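Fold and contact review
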Amino acid sequence: MSTDFDHIVIGAGISGLGAAHFSARRGLSTLVLEASDRIGGCINSQTFPALGGFWTEAGGHTCFNSYGNLLSILDDLGLTTQVQPKLRVGYRLWKDGRRRFILSAIHPFEALGSLPRLVKEPKEGRSVRDYYSAVLGRRNYRDLLQHAFQAVICQPADDYPAEALFRRKPRRKDVIKAFTFADGLSAIPNALVAQGTFEVRTGQRIEQIATEGEGFKVRLQDGTAIRSAHLTLAVPPDVAAMLIPAVFARARALVAGIGMAEIETLVLVFRQDALNLPPLAGLIAVEDAFYSAVSRDFLPDAQYRGFAFHFRPGVLDPESQVRCACQALGVTPDRIAAQSRVHNRLPALRQGHFRLVEQLDAALAGTRLALTGNWFLGVSMEDALTRSHSEHVRLFGART
Ligand SMILES: Cc1cc2nc3c(=O)[nH]c(=O)nc-3n(C[C@H](O)[C@H](O)[C@H](O)COP(=O)(O)OP(=O)(O)OC[C@H]3O[C@@H](n4cnc5c(N)ncnc54)[C@H](O)[C@@H]3O)c2cc1C
């Protein structure tokens, strides 16, 4: 079979761009097809040209020195030396219409009493509620932890698999612990594409992929088809379930069982003097219309402050979201300098997920189809890249 590319990747989030980077470095001709007119997926630094280029993260906001795969890519891109330290500012709780210190929700004696279980209690196969109630106490879970975890994954956390949160990974001592870039994390996808080692076509929502011999035929929006010897799907699970060619029926059925959480993100920017609010990392909401708000205060700007509020879907109309966010910041909507809206999506993993991934891997073994994303090991950028790397090795072999 004659092919147009050695490798086609569907989805230009960090998983897909990572997969393309790995194969392009092997000298394989690689094409990335992305539905949106923008690359980066959940990495989305919202820049406001009318405000002198001020930006705020609408999605992923922090990378850590434990992100080994990401750091090796940053090394390749020459970006490791450009990381910016994040200012250490704390989160506050937003509860009953008031901002409160995190400590106000902790039950210290319960935590101390439960703490010895931290080393003994197994995490495997347990839900977030079950595991963290056991190791830090039921009341600590109810009053603080469930809201904090919900804030991280932007969805109800109780039934999420405990193993998928906070994986322990080795830290790289030569890199600062938590970092961003001067232009935000979108610097990473932008630099990956700017290398020019692989081709990216945006505005290509793929709806159909067929097999042809051992390879693949991807139908583009204009009806033409392109062929590749290998294919990586780096899209959310509901999209992957639709795109996996029919001959991989087992894999398709397994992926179809993985849910997604929808998040309505509202980004607000204010002039510094509009807010009477100490610097803060963000807000963790307790039973409110939003899960969390993440600020840009970790990299202060002389003129502006920005916040991304992550709302539960379908609860408030857009105007009420603005009022709700402004109330939490103690400011009136007429002081907003700029705003934007983003629809974020994250996988809604459930118990039994890692068994499902094992079955999926068994169904994919020996094929030229790779599946990657933030729905295998966990939701972080590093979890996503760890999967992209292991799928790369499965398809193309380890580098010697
Ligand atoms: C609000 C928020 C905060 C976060 N904070 C952090 C953080 O601080 N640190 C951290 O490590 N992680 C964080 N994350 C998680 C992390 O950013 C994401 O899990 C990761 O970036 C996901 O990358 P991905 O490539 O797997 O998926 P995505 O980024 O979802 O990319 C999938 C891509 O596929 C495209 N696509 C979909 N359908 C099609 C189709 N039919 N054809 C072609 N293309 C298609 C989409 O447009 C998208 O670009 C956060 C996520 C969110 C939402």
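Residues numbered from 1 in each chain as written. Predicted model: local features only at pLDDT ≥ 70, side-chain atom pairs only at ≥ 80, totals over all residues. Heavy atoms only, no water.

So, on to the domain arrangement of the protein chain. A common way to report how large an interface is uses the accessible area buried once the components associate. As far as domains go, the protein chain holds domain 1 (5–42 + 186–257 + 351–396) and domain 2 (106–164). The straight-line distance from the C-alpha centre of domain 1 to that of domain 2 is 33 Å. The interface is formed by 7 residues belonging to domain 1 together with 9 residues belonging to domain 2. Among the residues of domain 1 in contact with domain 2, Gln-351, Phe-354 and Val-379 are the three that bury the most area, contributing 81% of the side total. Counting every contact that joins domain 1 to domain 2 gives 0 salt bridges. The interface formed by domain 1 and domain 2 holds 1 residue pair in polar contact (both at pLDDT 80 or more) in total. Of the residues assigned to the side of domain 1 that touches domain 2, the class counts are 3 nonpolar, 3 polar and 1 charged. (Domains from an automatic or database assignment. Contact = heavy atoms within 4.5 Å. Buried area = accessible area lost by both parts, 1.4 Å probe. Salt bridge = Lys/Arg side-chain N within 4 Å of Asp/Glu carboxyl O. Polar contact = N/O pair within 3.5 Å; in protein donor to acceptor, adjacent residues only side chain to side chain. Nonpolar A, V, L, I, M, F, W, Y, C, P; charged D, E, K, R; others polar.)

Here the focus is the UniProt feature "domain: Amine oxidase" (unreviewed entry) in the protein chain. Residues annotated by UniProt as "domain: Amine oxidase" (unreviewed entry) correspond here to residues 14–106 and 144–274. End-to-end, the C-alpha atoms of residues 14–106 are 36 Å apart, and along that stretch the chain is 24% helix and 27% strand. Between the first and last C-alpha atoms of residues 144–274 the distance is 30 Å; the span itself is 24% helix and 29% strand. (UniProt positions renumbered as here; feature names shortened; annotations may be inferred. Helix = DSSP H or I, 4+ residues; strand = E, 2+ residues; numbered from the N terminus.)

A few words on the sheet that holds strand β7 (residues 91–95). Hydrogen bonds along the backbone pair up the strands of a sheet, which may run parallel or antiparallel. With mixed pairing, 7 strands are arranged side by side in an open sheet as β8-β7-β15-β16-β17-β14-β18. Edge positions in the sheet fall to β8 (98–101) and β18 (336–348), since each of these pairs with one other strand and no more. Taking the axes of each pair of neighbouring strands and ignoring which way they run, one obtains an average angle of 25 degrees across the sheet. Of the pairings in the sheet, the one linking strand β14 (residues 259–271) to strand β17 (residues 304–311) comprises 8 bridges and is antiparallel in character. Note on β17: the bridge partner recorded for Leu-266 is Phe-309. On top of the sheet, helix α6 (residues 138–153) reaches β7, β15 (282–285), β16 (290–295) and β18; it is set at about 120 degrees to β15, its chief contact. In the packing of helix α10 (residues 318–329) onto the sheet, contacts are made with β7, β8, β14, β15, β16, β17 and β18, and the angle to β14 comes to roughly 60 degrees. (Pairing = 2+ DSSP bridges. Axes fitted to C-alpha atoms, helices over the stretch in contact; angles between N-to-C directions.)

The next point concerns the site of the ligand. Within the structure, the ligand sits among 33 residues, and Ser-15, Glu-34, Cys-42, Tyr-67 and Val-379 are positioned closest to it. For the ligand, a nitrogen atom lies 3.0 Å from a polar atom in the backbone of Ala-35. If the ligand stood free it would expose 1,000 Å²; the protein chains cover 92% of that surface. Elements that contribute at least two residues to the shell around the ligand include exactly α1 (14–25) and β18. (Near = heavy atom within 4 Å. Areas by Shrake-Rupley, 256 points an atom, 1.4 Å probe, with all protein chains shown as cover.)

In a pair of packed helices, the angle between the axes and the distance between the axes together describe the arrangement. Contact geometry of helix α2 (residues 68–77) with helix α12 (residues 381–396) gives a least axis separation of 7 Å together with a crossing angle of 75 degrees. Taken as axis vectors, α2 and α12 run roughly perpendicular relative to one another. Across from Gly-68, Asn-69, Leu-70 and Ile-73 in α2, the residues of α12 making contact are Glu-382, Leu-385, Thr-386 and His-389. Residue composition of the contact of α2 with α12, by class: 3 nonpolar, 4 polar and 1 charged. (Parallel < 35°, antiparallel > 145°, perpendicular 65-115°, else oblique.)

Tracing the backbone through its elements, the reader meets His-7 in strand β1 (residues 5–10). Taking the relative accessible area as the measure of exposure, His-7 reaches 1% and is therefore buried. In terms of polar contacts, His-7 uses its side chain to reach the side chain of Thr-232, at 2.7 Å. Apart from the residues within four sequence positions on either side, His-7 is in contact with Ala-19, Ser-23, Ser-29, Thr-30, Leu-31, Ser-228, His-230, Leu-231, Thr-232 and Phe-396. (Buried < 20%, exposed > 50% of the residue type's maximum accessible area, 1.4 Å probe, protein only.)

Looking now at a nonpolar patch on the surface. A surface patch of nonpolar side chains, amounting to about 450 Å² of accessible area, comprises Phe-109, Leu-112, Leu-115 and Leu-118. Following the sequence through the fold, Leu-112 ends up in helix α3 (residues 108–114). (Patch = residues over 30% accessible without salt bridge, like charges linked within 9 Å, V, L, I, M, F, W, Y side chains within 5 Å.)

This brings us to α1. Across its 12 residues, α1 extends 16 Å between first and last C-alpha, which sits within 8% of the 16 Å expected from 1.5 Å per residue. The buried fraction of α1 amounts to 11 of the 12 residues, a majority that puts the element mostly inside the structure. Those residues of α1 not exposed but buried are Ile-14, Ser-15, Gly-16, Leu-17, Gly-18, Ala-19, Ala-20, His-21, Phe-22, Ser-23 and Ala-24. Close packing links the buried residues of α1 with β1, β2 (30–33), α2, α7 (187–194), β13 (225–233) and α12. Positive phi appears at Gly-27, one or two residues downstream of α1, with a value of about 85 degrees. (Expected span 1.5 Å × (residues − 1).)

Mapped onto the secondary structure, Ser-340 falls in strand β18. A residue is classified by how much of its surface remains accessible, and Ser-340, at 15% relative accessible area, is buried. Those residues in contact with Ser-340, other than ones at most four positions away along the chain, are Gln-46, Phe-48, Thr-265, Leu-266 and Val-267. Within the structure, the side chain of Ser-340 is placed 2.6 Å from the side chain of Gln-46, a separation counted as a polar contact.

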